[in-house]
Amino acid sequence: SMAPALSTVALIEEDPWEMLELQDTGVKWADLDTKGKILRVLINAAKLFLLVGLLYMFVCSLDILSSAFQLVGGKTAGDIFQENTVLSNPLAGLVIGMLVTLLVQSSSTSSSIVVSMVSSGLLEVSTAVPIIMGTNIGTSVTNTVVAMTQVGDRNKFRRAFAGATVHDFFNWLSVLVLLPLEVATGYLVKLTDLIIKSFNIQSGENAPALLNVITDPLTHSIIVLDESVISGIATGDPEAKNKSLIKVWCQTASNTNVTTSNCKIINIKKCNHIFVNTNLSDLAVGLILLACSLLILCTCLILIVKLLNSMLKGQVAVVIKKIMNTDFPFPFAWLTGYIAMVVGAGMTFIVQSSSVFTSAITPLVGIGVIKIERAYPLSLGSNIGTTTTAILAAMASPGETLGNSLQIALVHLFFNLSGILLWYPIPFTRLPIRMAKALGQLTAQYRWFSGVYIIFCFFAFPLVVFGLSLAGWLVLVGVLVPIVVVLIFIIVVNSLQKHKPQWLPSILQSWDFLPLWAHSLEPWDRVVTTMAARCCCCCKCCNTTEENEEMGKHENMDQEIEMYDNPTMTNIRKIKEVKKTSDSCEIFKATSL
């Protein structure tokens, strides 16, 4: 007799990053009758109209979110920039740029503060370079938070979080290499200074307001801010600290008295936004706008993902996926990524925000329409696109400050171009993709770790470094150098364990000699799961008790005679109910573990 056939399916490891094959499951257009065709056209038109409306609300909510953060932490950001002694430390300047961008949620705002300080002579260009690098990192937190909206589906969350953090890793790795290089050689300052002196650049016009023409009517009806207040605090204006960031007069004029040479500001037209006549403080208005904008932002993102899932079905999804992920024919396949960079730069220039563009493609990565390998060059192009707007804005500066303003904008541009040269042309050097996939795999298994990553990388680490910078350079070096040495040792050992374990001593060929909690997230996952189960159990028990009390009130009249007639049975019934509730909680705790 023949031996039974054994299935080899279990031996084939499924690639979690393999995009699902989209198939046309709907009814073909040719098979529809006239009524069905008209109905399909109307439904698709309604979905498209709704999608455009949701995208519009998404962009407006990001604008309001930026205004809310400026109201909550804008003056604090201005005060941080006044610490000139701390800014002289490159590492402190880097984390200050990150923290200020996180506070105001706008790299353009934090960059404009740096430009104004350089123009006024409070900062040198070389001192401002690390701050510009920090703003590049701080602006990448938005799309990472956007990826959290897909945490419900493990596979979508894996792709979305990896697609968002590929931007983070590019910025971190670029800073890790280019910041020490800039401190040692000053190549960015020298290169941009040479360009400024070589070209006779004249003052130009303001940066074109493309998307703002559409969004400003709505956002300006809600809130309008006076951007000069934050810059005034940063440049040391004592009157700016007592001013409100909420703009009251949108049109003013200056009247100069010839005899006394005094300049008087005349208010002409009052603003018409909601908070123009409010008695609330900037903090209260900022918190209100922060809560509302976050609610609208999350709602729009969830609806956009659901709507895209509904629209991107059948032949439409197949075509879009093929266009987005197909490479050029053989001799020109290497050009595909660079064309994607141009597309990313152009789209970012149109929306004038790298956060908006990268946040918009993150859901598409999650649902499987765009590969991470394609999202990577799109994000790199977005980094370039956001610097072109800054260059155009810098060219509108007055003649006496044009050189310094334009030099800082060019520093931002060449920093991103240098990062692209480091981490894209050679496929082996595309480390951000591999690192993002590893983090996406980890967060898909332990989804709570995504929150730990965001809190540590964008809040805890910058705050710790900033605190050590205040203590002095010696303290900063004494604390960080041992930590960096240990991290480098762990990375090298991990790499050798994977590729050349025979080069290591037997004890280092695995981390089993350490406690399990020191080299695995599994014990931490049990702790988090237990804490979550207890919280859920407490909520369940409280809800059960409240329901029993309410039911008892309604049934009190019906049971009053029974209670008086047979009090023993009444007590037994109560004991059983309490025991049933406690038993259910114990079962819930056991099954959750």
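Residues numbered from 1 in each chain as written. Predicted model: local features only at pLDDT ≥ 70, side-chain atom pairs only at ≥ 80, totals over all residues. Heavy atoms only, no water.

Quick notes on the confidence of the model for the chain
As a reminder of what qualifies: Scored from 0 to 100, pLDDT records how confident the predictor is in each individual residue. In what follows, residue pairs with any heavy atoms lying within 4.5 Å of each other are defined as contacts.
On average, residues of the chain carry a pLDDT of 76, and 71% of them reach 70 or more. Here residues 1–13 is a poorly scored stretch, pLDDT under 50, and it has zero contacts once near neighbours within four places are set aside; other chains count. A low-confidence stretch, residues 557–572 stays under pLDDT 50, and its non-local contacts, those more than four residues away or across chains, total five contacts.

Topic: the packing of helix 7 (residues 154–185) against helix 14 (residues 354–366)
Definition in use: With axes taken as lines fitted to C-alpha atoms, and helix axes fitted only over the stretch in contact, angles between N-to-C directions fall between 0 and 180 degrees. Helix and strand labels come from DSSP, where a helix needs a run of H or I of at least four residues and a strand needs a run of E of at least two; each type is numbered from the N terminus. If you view the pair so one helix is near and one far, a crossing is left-handed when the near helix is turned anticlockwise from the far one by less than a right angle, and right-handed when it is turned clockwise. In the scheme used here, Gly and all other residues not listed as nonpolar or charged are polar, with Ala, Val, Leu, Ile, Met, Phe, Trp, Tyr, Cys and Pro taken as nonpolar and Asp, Glu, Lys and Arg as charged.
Where helix 7 meets helix 14, the axes come as close as 7 Å, and the angle between the chain directions of the two elements is 145°. Handedness of the crossing formed by helix 7 with helix 14: right-handed. Judged by residue contacts, Lys-156, Arg-159, Ala-160, Gly-163, Ala-164 and His-167 of helix 7 engage Thr-358, Thr-362, Val-365 and Gly-366 from helix 14. Considered class by class, the residues forming the contact of helix 7 with helix 14 number three nonpolar, five polar and two charged.

Examining the UniProt feature "transmembrane region" (unreviewed entry) in the chain
For the record, the criterion: UniProt positions are given in the numbering used here, feature names are shortened, and annotations may be inferred rather than shown by experiment.
UniProt annotation of "transmembrane region" (unreviewed entry) refers to residues 41–65, 86–105, 169–189, 283–308, 328–351, 405–426, 446–465 and 471–493 when read in the numbering used here. Between the C-alpha atoms that bound residues 405–426 there is a distance of 33 Å. The span itself is 86% helix and 0% strand. Span residues 446–465 is 85% helix and 0% strand, its end C-alpha atoms 27 Å apart.

Overview of helix 14
We apply this condition: A helix is expected to reach a length of 1.5 Å times the quantity of its residues less one. Categorising residues by exposure relies on relative accessible area from a 1.4 Å probe, with only protein chains included: less than 20% of the type maximum marks a residue as buried, more than 50% marks it as exposed, and the intermediate range marks it as partly exposed.
Across its 13 residues, helix 14 extends 19 Å between first and last C-alpha, which sits within 8% of the 18 Å expected from 1.5 Å per residue. Within helix 14, twelve of the 13 residues are buried, leaving the element largely enclosed by the surrounding structure. Where helix 14 is concerned, the buried positions are Ser-354, Ser-355, Val-356, Phe-357, Thr-358, Ser-359, Ile-361, Thr-362, Pro-363, Leu-364, Val-365 and Gly-366. A positive backbone phi angle near 90° is found at Gly-368, which sits one or two residues after helix 14.

Side note on the pattern of salt bridges
Going by this rule: What makes a salt bridge here is a side-chain nitrogen of Lys or Arg within 4 Å of a carboxyl oxygen of Asp or Glu, nothing more.
According to the stated counting rule, one finds three salt bridges in the structure shown. Of the charged contacts in the structure, one is a salt bridge between Glu-522 and Arg-526, with a shortest N-O distance of 3.5 Å. Separated by four residues within a single helix, Glu-522 and Arg-526 lie in helix 21 (residues 522–565), roughly one turn from each other. Arg-526 sits in the partly exposed class, given a relative accessible area of 46%.

A short note on helix 8 (residues 187–198)
Going by this rule: Arc definition: directions from the helix axis to the C-beta atoms.
Taking 1.5 Å per residue, twelve residues should reach 16 Å; helix 8 reaches 16 Å between its end C-alpha atoms and fits that length. Turning to helix 8, its buried residues number three or more, namely Leu-188, Val-189, Thr-192, Ile-195 and Ile-196. Down the axis of helix 8, the sector holding all buried residues measures 135°, keeping them to one side. Counted as exposed and oriented over 90 degrees from the buried face of helix 8: Lys-190, Leu-194, Lys-197 and Ser-198.

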